[in-house]
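# Structural overview for review
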Amino acid sequence: MVVVGVLALAALAGWLYLAFGHGAFWRTGPGLPEAARPDEWPEVAAVVPARDEAAVLPETLPTLLAQEYPGVFRVVLVDDGSGDGTAETAVRLAGGNSRLRVVAARERPPGWAGKVWAMSEGVQAAGEPRYLLFTDADIAYEPGVVEKLVSAAIADDRDLVSQMATLNTRTRWERVIVPAFVYFFAQLYPFRRVTRDGTRTAAAAGGCMLVRRGALAEAGGLAAIRDALIDDVALGRLIKRAGGRCRLDLGREVVSRRPYPRLADLWTMIARSAYHQLRYSPALLAGTVLGLLLLYAVPPAATIAGLAARSGVPLVAGALAWMLMAVTYSPMLRFYGLSPLRAPALPLVALMYAAMTLDSARRHRAGRGGAWKGRTAAAPSRR
């Protein structure tokens with residue numbers, strides 16, 4: 001029980017730091033601020049990389065085309081080698097709307113990740129707007145969102161304003177996995193630290209990223225992150241490390257319509273990029289898995305062991321760590337309209353994430369790393 005007690009105390013120390021010293025990562029508000037309207041509305045071009053998205057476009061593209069933006073607003077949809085009639089579907093949905101331009105991505109050069117190349121093709125076709133709105137084909141927008149994004153960027157002098165989309169939680173497995181996914185993302189990249197100037201924490205959420213075109217060019221353009229599998233985090237880092245000012249929020253006005261009805265769908269979504277995020281490092285993989293076990297598995301295990309052995313230190317330390325874990329997870333559950341009574345089960349979900357991370361490494365070793373929509377991403381070269 002001495003070892004269990006030491007591990008429980010270490011886990012408790014970790015949770016005390018996470019709860020009170022880690023940028024309040026667990027808070028889900030306040031979202032985009034109400035900002036003053038600018039005197040002049042700059043031109044904005046939305047860039048939508050799309051590969052085999054014909055099924056979801058009817059739920060999303062019309063919401064983007066219908067944005068009542070006071071300035072010039074255009075949408076460039078990049079058909080990235082689709083085989084399901086994505087381009088034709090987009091044209092039909094636009095119904096002659098002059099805002100939409102559909103372009104076909106050229107053959108992807110060596111060294112470029114598929115999505116980043118499609119984004120680059122969209123930038124080239126967009127002309128010279130002041131702002132670029134990088135968004136995904138599965139993202140739906142509430143009315144007025146583009147106007148609010150631009151107002152927030154100008155009023156607070158931000159080079160990047162990003163909204164993490166609200167994801168689907170319609171199915172049983174989505175309700176288990178999705179809130180934890182957003183919670184873990186916020187734990188890795190606390191939104192308030194991303195927004196705070198002078199911190200090294202940088203990230204963005206790929207479903208909705210409004211970027212000042214000049215800031216992107218000054219940072220080296222998309223070519224600087226051409227091999228990024230996790231393009232949103234890479235873009236946030238690129239802008240912030242070049243001296244740009246960023247803002248990242250969790251909002252309800254930007255919504256993903258992509259369904260993940262089966263556990264296998266969610267598993268693939270996470271496993272495709274987890275090992276990439278660890279820079280394909282076995283040492284980082286081992287450290288991550290051990291860290292997950294310490295923070296999430298030890299508290300309930302120590303609590304149960306302490307109860308069984310009537311040992312005070314493991315019981316008290318484990319229970320306190322478990323309580324802090326559940327308390328910090330509850331706001332995310334409430335954000336998704338789920339009961340906080342689910343919070344104590346977070347250790348089980350964390351163990352699933354550890355398994356997904358290990359599976360991500362296994363897939364990479366088997367030559368299937370980053371497999372998505374018929375493509376397999378190779379590990380990036382060291383630069």
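Please refer to the structure placed before this passage.
Now for a description of the structure that goes with this document. Since we're looking at a predicted model, the values are computed, not measured.

## So, the overall build of the chain
For the chain, the helix and strand inventory stands at 13 helices and 8 strands. A globule of 383 residues ought to have a C-alpha radius of gyration of about 21 Å, and the chain, at 22 Å, matches this closely. Across its three principal axes, the chain shows a C-alpha extent of roughly 70 × 50 × 40 Å. Expressed as a percentage of contacts within the chain between residues at least 6 apart in sequence, the contacts between residues at least 24 apart total 80%. Working note: accessible area of the chain is about 16,900 Å², and carbon and sulfur atoms make up 58% of it. Separation of charge centres in the chain, based on 45 positive and 32 negative side chains, amounts to 9 Å.

## Structural notes on the packing of helix H11 (residues 282-309) against helix H12 (residues 312-335)
Viewed as axis vectors pointing N to C, H11 and H12 meet at an angle of 140°, and their least axial separation amounts to 7 Å. By the angle between their directions, the pair H11 and H12 is classed as oblique. Handedness of the H11/H12 crossing: left-handed. Here Leu295, Tyr296, Pro299, Pro300, Ala302, Thr303, Gly306 and Leu307 of H11 lie close against H12, whose contacting residues are Pro314, Leu315, Gly318, Ala319, Ala321, Trp322 and Met325. In the contact of H11 with H12, the residues fall into 12 nonpolar, 3 polar and no charged.

## Overview of a positive patch on the surface
A surface patch of like charges, here positive, comprises Arg200, Arg237, Arg241 and Arg279. Considering the arrangement of structural elements, one finds Arg241 in helix H9 (residues 231-241).

## Regarding helix H1 (residues 2-21)
Each turn of an α-helix holds 3.6 residues, which means side chains three or four residues apart point in the same direction. Under the 1.5 Å per step criterion, the end-to-end length of H1 is 28 Å for 20 residues, consistent within 8% with the ideal 28 Å. All of the buried residues in H1 are Gly5, Ala8, Ala11, Leu12, Gly14, Trp15, Leu18 and Ala19. Contacts from the buried residues of H1 go to helix H6 (172-188), H11 and H12. Positioned one or two residues after H1, Gly23 has a phi angle of 70°, which is positive.

Basis of the calculations
- Residues numbered from 1 in each chain as written.
- Predicted model: local features only at pLDDT ≥ 70, side-chain atom pairs only at ≥ 80, totals over all residues.
- Heavy atoms only, no water.
- Helix = DSSP H or I, 4+ residues; strand = E, 2+ residues; numbered from the N terminus.
- Rg over C-alpha atoms; globule rule 2.2 N^0.38 Å.
- Contact = heavy atoms within 4.5 Å.
- Areas by Shrake-Rupley, 256 points an atom, 1.4 Å probe, with all protein chains shown as cover.
- Lys, Arg positive; Asp, Glu negative; His and termini not counted.
- Charge placed at Lys NZ, Arg CZ, Asp CG, Glu CD.
- Axes fitted to C-alpha atoms, helices over the stretch in contact; angles between N-to-C directions.
- Parallel < 35°, antiparallel > 145°, perpendicular 65-115°, else oblique.
- Left-handed = near helix turned anticlockwise from the far one by under 90°.
- Nonpolar A, V, L, I, M, F, W, Y, C, P; charged D, E, K, R; others polar.
- Patch = residues over 30% accessible without salt bridge, like charges linked within 9 Å, V, L, I, M, F, W, Y side chains within 5 Å.
- Salt bridge = Lys/Arg side-chain N within 4 Å of Asp/Glu carboxyl O.
- Expected span 1.5 Å × (residues − 1).
- Buried < 20%, exposed > 50% of the residue type's maximum accessible area, 1.4 Å probe, protein only.

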